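# Structural overview
Residue-level listing of the chains:
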Amino acid sequence: FSLILVVVLLTGCSTFKPIGEQTKLLADIEQQQLFSMQQANKELLLLDVRSEEEFNQGHISGAINIAHKELAMQLTDIKDYQHKNIVVYCRSGRRAAIAQAILTDNGFTKVNHLNGDFMAWQQAERPIQKNKG
């Protein structure tokens, strides 16, 4: 019982949302949809929530990096996207789900998750960008 209480306290009770709101967190966007949006120069924020080290080793072109652990403290940096398209990804999905919850809990309304995250993007041999350093 105490472990459950600790988990609930650590998640800020964000797991106890009405069913409709939980569905909103699970909105996925397919790789091809993202690629098409990028090609059409659609205004969107592509948010990589992995660590800076992972990001520098390779990321989707056009992405900005805010680690999921730092996102809540850096929301003002992306406030211009509060009602614009945001696509979140990490390596495999866990951190992206955390980031989605943080964003939606703070009033961001168009938050999507890249289906398959960075691992699937690489497996599909889509273009990636690396930072020198």
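Above: the structure in question.
Notes on the structure follow.

Here is what the cut-offs are and how they apply
Residues numbered from 1 in each chain as written. Predicted model: local features only at pLDDT ≥ 70, side-chain atom pairs only at ≥ 80, totals over all residues. Heavy atoms only, no water. Buried < 20%, exposed > 50% of the residue type's maximum accessible area, 1.4 Å probe, protein only. Helix = DSSP H or I, 4+ residues; strand = E, 2+ residues; numbered from the N terminus. Pairing = 2+ DSSP bridges. Phe/Tyr/Trp six-rings, centres within 6.5 Å; stacked < 30°, edge-to-face > 60°. Lys NZ or Arg CZ within 6 Å of the ring centre and 35° of its normal. Core = buried A, V, L, I, M, F, W, Y, C linked by side-chain atoms within 4.5 Å. Contact = heavy atoms within 4.5 Å. Axes fitted to C-alpha atoms, helices over the stretch in contact; angles between N-to-C directions. Salt bridge = Lys/Arg side-chain N within 4 Å of Asp/Glu carboxyl O.

### Topic: the pairing of strand 2 (residues 44-48)
Most of strand 2 sits inside the fold, with five of its five residues counted as buried. Residues L44, L46 and D48 of strand 2 are buried on one face, and the alternating residues L45 and L47, pointing to the opposite face, are buried as well. As paired elements, strand 2 and strand 5 (residues 85-89) share five bridges and run parallel to each other. Across the sheet, L44 pairs through a bridge with N85, a residue of strand 5.

### Focus: the packing of aromatic side chains
All told, the structure shown has two aromatic pairs when counted by the stated rule. Note on Y89 and F118: the rings are 6.1 Å apart at their centroids and 20° apart in plane angle, and the pair reads as stacked. Here the residue Y89 occupies a position in strand 5, and F118 occupies one in helix 6 (residues 117-123), the gap between them amounting to 29 residues. F118 gets classed as buried once you look at its relative accessible area, which sits at 4%. Sitting over the ring of F118, R50 keeps its end group 4.3 Å from the ring centre. Sitting over the face of the ring of W121, R126 holds its NZ or CZ atom 5.5 Å from the ring centroid.

### Looking at the nonpolar core
One finds L47, L71, I78, V88 and L103 to be the most contacted residues of the largest nonpolar core, which totals 16 residues. Mapped by element, the contributors of at least two residues to this core are strand 2, strand 5 and helix 5 (94-105). It is helix 5 that provides the largest number of residues to this core, a total of four residues. Those residues in contact with L103, other than ones at most four positions away along the chain, are L47, L71, L75, I78, I86, V88, F108 and V111. Counting residues in hydrophobic clusters, the runner-up holds 13 residues, among them F55, Y89, L114 and W121.

### Structural notes on the sheet that holds strand 1 (residues 28-29)
Taken in spatial order, the five strands make up an open sheet running 1-6-5-2-4, and their pairing is parallel. Strands with a single pairing partner mark the edges of an open sheet, and in this sheet they are strand 1 and strand 4 (64-65). In the packing of helix 5 onto the sheet, the strands contacted are strand 2, strand 5 and strand 6 (111-114), and the crossing angle to strand 6 comes to about 175°.

### What about the pattern of salt bridges?
A complete count under the given rule lists three salt bridges for this structure. Its salt-bridge partner being R95, residue E54 comes within 2.8 Å of it at the nearest N-O pair. With E54 in helix 4 (residues 52-57) and R95 in helix 5, this pair connects stretches of sequence that are 41 residues apart. One exposure class covers both E54 and R95, and it is buried.

### A short note on the environment of L45
Inspection of the secondary structure puts L45 in strand 2. Accessibility expressed as a relative area gives 5% for L45, which makes it buried. Distance in space between the C-alpha atoms of L45 and I78 is 8.5 Å, their sequence separation being 33 residues. Every residue in contact with L45, bar those within four places of it in the chain, is listed here: I64, I78, Y81, N85, I86 and V87.

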